[in-house]
Amino acid sequence: MESPNIILVMADDQGWGQVGYNGHPTLKTPHLDAMAEAGIRLDRFYAAGPVCSPTRASVLTGRTHVRTGVPDHGNNLCLQEKTLPQALQEAGYSTALFGKWHLNGVRGAGVPILEDDPNHPGKYGFDEWLSVTNYFDLNPLMSRSGAFEEFEGDSSNIVVAEALKFMEREKENPTLAVIWYGSPHGPQIALPEDRAGFEDDSLGNHLGEIVGIDRSIGLLRKGLRELGIEDNTLIWYCSDNGGLKTDPDACGGLRGLKGSLFEGGIRVPGIIEWPGRIKPMVTDFPASTMDIMPTLVDLLDLPKDSQLEVRDGESLLTLLGGGVPQRAHPIPFYYGSQAALIDGDFKLIGPKKKGEAWRLYNLKDDPSEGRDLSSELPELFSKMRAQALATVDSIEASAVGEDYPEGRIIQKTRRAQWYQMKEYAPYFEMFLQRPEYARYKERIAKSKKSKKAAK
Ligand SMILES: [Ca+2]
């Protein structure tokens, strides 16, 4: 098999209901709908975390995020992890990231990543990167492997155009292009033509950003055809967490929002397209962002030690071949004070502490998680609760570094706001000239004052 190009695309805060094919009442996504029709449409695809950085960490490692040093948004991915881009580099791939990073431990509105950032994307296996620390919007200021570069236009278009240029430039090699959009995360400022047709302003800007994503998906698919590489390119599309309350239809009637382990917080649109290899299919097989790396390791027959133990994701190669795989283990979730396990149609959800109330739902009969079956199905409930508690223990052992050869975490964890970091101080004045950072004026002034006082 000729090694396929791989494109991993992720929206930022697009809920499960925010695609045309899941029946959104006003939003139209013709390009995502076409992609879903041409590929495998995963109707039960899960983000590993209910917020940003956690899910990103799971994509790059195939593990639950808490194991990797990323319990929450804004934490840095532990440098001792083994990543997907590193494994693909070893296999001869050219690798690049376009868009949001948010795995370097820097919080606040996205700023260009610095060349000497100890956790820039290059440290995790990306040959090149055009990126920002966090969310970004229209006319962004980005960092090309450390050099600042200004762009004009919709941010989703920009990152797709850059990914296509990279694939064209690197056409002698198989490529991994990771495209992580800044949309439809706040600030929500859509192009006028994208928000036209929505009556409400804030909803129009929010949904308009998804219209922008959808257009860029059209550009991506067209670009691959023009390069003549569409048959040998696998695109895996998803969102990093569930929907926001800005849009009452964001989660398509599922319970909960971004930040929750109920379905609305973690179930997201999921599509795999690979015209030369996979046949169209709609499936409710439960899969997650943790499965991306194991699937690709399996597909490309990469060395088994490309991935760190303990693993959470599983290979979906059978699914790519049109079959229905069996999961060896339930899908684990762990965020904040909540933990959950998904095993086929059943989901156990509860607080992580022993002795407190866990609940059991049948997602097939009760997709909005309203009817607790713990007393009706006591055996299944006890079995899943024991599994959940054992998983929590295992995740907590990983979180202190037990999976690494060193048995501990070497680099001090970072979770900082850029306006409090001395590395960014030389850029504060320049940032304040730009509309996307205007709201940081007071915070920058305050942090300067406290630094002076400390001297
Ligand atoms: Ca997000």
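No experiment lies behind these values; they were computed from the predicted model shown. (Residues numbered from 1 in each chain as written. Predicted model: local features only at pLDDT ≥ 70, side-chain atom pairs only at ≥ 80, totals over all residues.)

### Considering the UniProt feature "domain: Sulfatase N-terminal" (unreviewed entry) in the protein chain
Moving on, step 1. Under the UniProt annotation, "domain: Sulfatase N-terminal" (unreviewed entry) lies at residues 4-301.
Moving on, step 2. Segment residues 4-301 splits into 28% helix and 22% strand. End C-alpha atoms: 12 Å apart. (UniProt positions renumbered as here; feature names shortened; annotations may be inferred. Helix = DSSP H or I, 4+ residues; strand = E, 2+ residues; numbered from the N terminus.)

### Some words on the pairing of strand S3 (residues 94-100)
Moving on, step 1. Here S3 lies mainly inside the structure; seven of its seven residues are buried.
Moving on, step 2. The pairing of S3 with strand S8 (residues 175-184) spans six bridges and is parallel. In the sheet register, Ala96 faces S8, and the bridge partner there is Ala177.
Moving on, step 3. Relative to strand S5 (residues 128-132), S3 runs parallel, the two being bridged by five bridges. Bridge assignment links Leu97 to a residue of S5, and that residue is Trp129. (Buried ≥ 20, exposed ≤ 12 C-beta atoms within 10 Å, placed from the backbone. Pairing = 2+ DSSP bridges.)

### What about the environment of Ala147?
Moving on, step 1. Here Ala147 is to be found in strand S7 (residues 147-150).
Moving on, step 2. Exposure remark for Ala147: the 10 C-beta atoms within 10 Å place this residue in the exposed category.
Moving on, step 3. Taking the C-alpha atoms as reference points, Ala147 and Thr283, separated by 136 residues in sequence, lie 43 Å from one another.

### Focus: the nonpolar core
Moving on, step 1. Formed by 117 residues in total, the largest nonpolar core has its most connected members in Leu8, Phe98, Ala163, Ala177, Ile179 and Trp236.
Moving on, step 2. Apart from the residues lying within four places of it in its own chain, the contact partners of Ile179 are Ile7, Val9, Phe98, Gly99, Val159, Val160 and Ala163. (Core = buried A, V, L, I, M, F, W, Y, C linked by C-beta atoms within 7 Å. Contact = placed C-beta atoms within 7 Å.)

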